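Structural description and commentary
So the chains spell out like this:
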Amino acid sequence: MSYLNTLIFGIYPYIAIAVLIIGTWARYDHGQFTWKAQSSQMLRKKNMVLASVLFHVGILVIFFGHLVGLLTPHFVYEPFMSAGTKQILAIVVGGIAGVMCLIGGVMLAHRRLTDPRIKASSTFADNMIIIVLVVQVVLGLATILPTLGHLDGATMLQLAGWAQSILTFQGGAADYMTGVHWIYRLHMFLGLTIFVLFPFTRLVHMLSVPLEYFGRRYQIVRKRA
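Every value quoted in this text rests on a predicted model; they were computed, and no experiment measured them.

Section: the overall build of the protein chain
- Counting secondary structure elements, the protein chain contains nine helices and zero strands.
- Secondary structure elements of the protein chain, listed N to C terminal, follow the sequence α-α-α-α-α-α-α-α-α.
- Taken over 225 residues, the protein chain has a buried fraction of 38%.
- In the protein chain, once contacts between residues fewer than 6 apart in sequence are set aside, the share between residues at least 24 apart is 81%.
- Surface summary for the protein chain: the accessible area is close to 14400 Å², and the carbon and sulfur share equals 72%.

This is the structure:
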């Protein structure tokens, strides 16, 4: 069991990060024509805007919340916020964002899997990744239940210690995950697996931010005669 814990939370994170970085670089370098969101809005607009807004706003809040929450050292926020307070904040904000993301994700998944036109233009990777993301959001919301049983922030500090140890290449990072509730462990494992899947799916489009759009020249549009 100790070996499995080390494999999943001590070795697998580096494999996942390596695949994420190398795979993304290789795809951008050799397959730029595949680097797109492949939006299906032109095929069917019904419920697309609502589902897309709910999903993307929710997932962005979740992503940056995890990024800040896991990677910010405890001493940075300790002077003005206890670990327990931070955990309650994470439950409220993450819970709201999670519900938004789940509703939008289920709508998008249902649309992609049941609409004949969209289904015909979807690949296995398209269907798989939206289902994986929905499952991951469900797992994230499910972690709220055990979290409510201990609001002292201890588990959150363990998870943050694990993530920070991985990124700073410290030995024994997997030890932080020992004794952590299985729902957190499953949630973290699937999160790492999403890193592995990232370069091979439409998720790569999130790295393409059209910053040049804000500084481009105005287009001259002439009226019809």
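Having seen the model, we can carry on.
Here's the deal with the nonpolar core
- Grouped together as the largest cluster of nonpolar side chains are 36 residues, with contacts concentrated most on Leu159, Trp162 and Met188.
- Broken down by secondary-structure element, the contributors of at least two residues to this core are α1 (2–30), α2 (48–71), α4 (83–114), α6 (124–142), α8 (154–167) and α9 (182–197).
- Apart from residues lying up to four places away in sequence, Leu159 is in contact with Leu70, Met177, Val180, Tyr184 and Met188.

Brief notes about the UniProt feature "transmembrane region" (unreviewed entry) in the protein chain
- Per the UniProt annotation, the sites labelled "transmembrane region" (unreviewed entry) are residues 6–28, 49–68, 88–109, 129–149 and 182–200.
- Measuring from the first to the last C-alpha atom of residues 49–68 gives 28 Å, for a span that is 100% helix and 0% strand.
- The straight-line gap between the two end C-alpha atoms of residues 182–200 is 28 Å; of that span, 84% is helix and 0% is strand.

A look at the packing of α6 against α9
- Viewed as axis vectors pointing N to C, α6 and α9 meet at an angle of 155°, and their least axial separation amounts to 9 Å. By the angle between their axes, α6 is roughly antiparallel relative to α9. Crossing of α6 against α9: the hand is left-handed. Contacts from Met128, Ile129, Val132, Leu133, Val135, Gln136, Leu139, Gly140 and Ala142 in α6 reach Ile183, Leu186, His187, Leu190, Gly191, Ile194 and Leu197 in α9.

A few points about unusual backbone geometry
- One non-glycine residue with positive phi stands out, namely Phe169, at about 55°.
- Mapped onto the elements of the fold, Phe169 is located in the loop between α8 and α9.

Details of the environment of Met128
- Among the structural elements, Met128 can be located in helix α6.
- Distance from Met128 to Leu197, taken between C-alpha atoms, is 9.9 Å for residues 69 residues apart in sequence.
- When near neighbours in sequence (up to four residues on either side) are disregarded, Met128 contacts Leu197 and Thr201.

Here's the deal with α8
- Compared with the 20 Å implied by 1.5 Å per residue over 14 residues, the 20 Å span of α8 between its first and last C-alpha is a close match.
- Within α8, the full set of buried residues consists of Thr155, Met156, Leu159, Ala160, Gly161, Trp162, Ala163, Ser165 and Ile166.
- Count one or two residues on from α8 and you reach Phe169, which has phi positive near 55°.

Considering the UniProt feature "binding site: heme b 1" (unreviewed entry) in the protein chain
- The sites that UniProt annotates as "binding site: heme b 1" (unreviewed entry) are His56 and His205. These annotated residues cover 150 residues of sequence, and their C-alpha atoms all fall within 12.5 Å of one another, placing them together at a single site.
- Along the chain, His56 turns up in helix α2.
- For His56, a relative accessible area of 34% corresponds to the partly exposed category.
- Relative to the assigned elements, His205 resides in the segment after α9.
- His205 gets classed as partly exposed once you look at its relative accessible area, which sits at 28%.

Digging into the packing of aromatic side chains
- Scanning the model with the defined rule gives four aromatic pairs in all.
- Taking the centre distance of 6.0 Å and the plane angle of 85° together, the rings of Phe9 and Trp162 count as edge-to-face. Of the two residues, Phe9 sits in helix α1 while Trp162 sits in helix α8, which places them 153 residues apart along the sequence. The pair formed by Phe9 and Trp162 is uniform in burial state, with each residue classed as buried.
- Ring centres of Tyr12 and Phe189 lie 5.4 Å apart, and the angle between their planes is 35°; this geometry places the pair in the tilted category. Taken together, the positions of Tyr12 in helix α1 and Phe189 in helix α9 put the pair 177 residues apart, joining distant regions of the chain.
- Residue Tyr12 is classed as buried on the basis of its relative accessible area of 17%.

The rules we used
- Residues numbered from 1 in each chain as written.
- Predicted model: local features only at pLDDT ≥ 70, side-chain atom pairs only at ≥ 80, totals over all residues.
- Heavy atoms only, no water.
- Helix = DSSP H or I, 4+ residues; strand = E, 2+ residues; numbered from the N terminus.
- Buried < 20%, exposed > 50% of the residue type's maximum accessible area, 1.4 Å probe, protein only.
- Contact = heavy atoms within 4.5 Å.
- Areas by Shrake-Rupley, 256 points an atom, 1.4 Å probe, with all protein chains shown as cover.
- Core = buried A, V, L, I, M, F, W, Y, C linked by side-chain atoms within 4.5 Å.
- UniProt positions renumbered as here; feature names shortened; annotations may be inferred.
- Axes fitted to C-alpha atoms, helices over the stretch in contact; angles between N-to-C directions.
- Parallel < 35°, antiparallel > 145°, perpendicular 65-115°, else oblique.
- Left-handed = near helix turned anticlockwise from the far one by under 90°.
- Expected span 1.5 Å × (residues − 1).
- Phe/Tyr/Trp six-rings, centres within 6.5 Å; stacked < 30°, edge-to-face > 60°.

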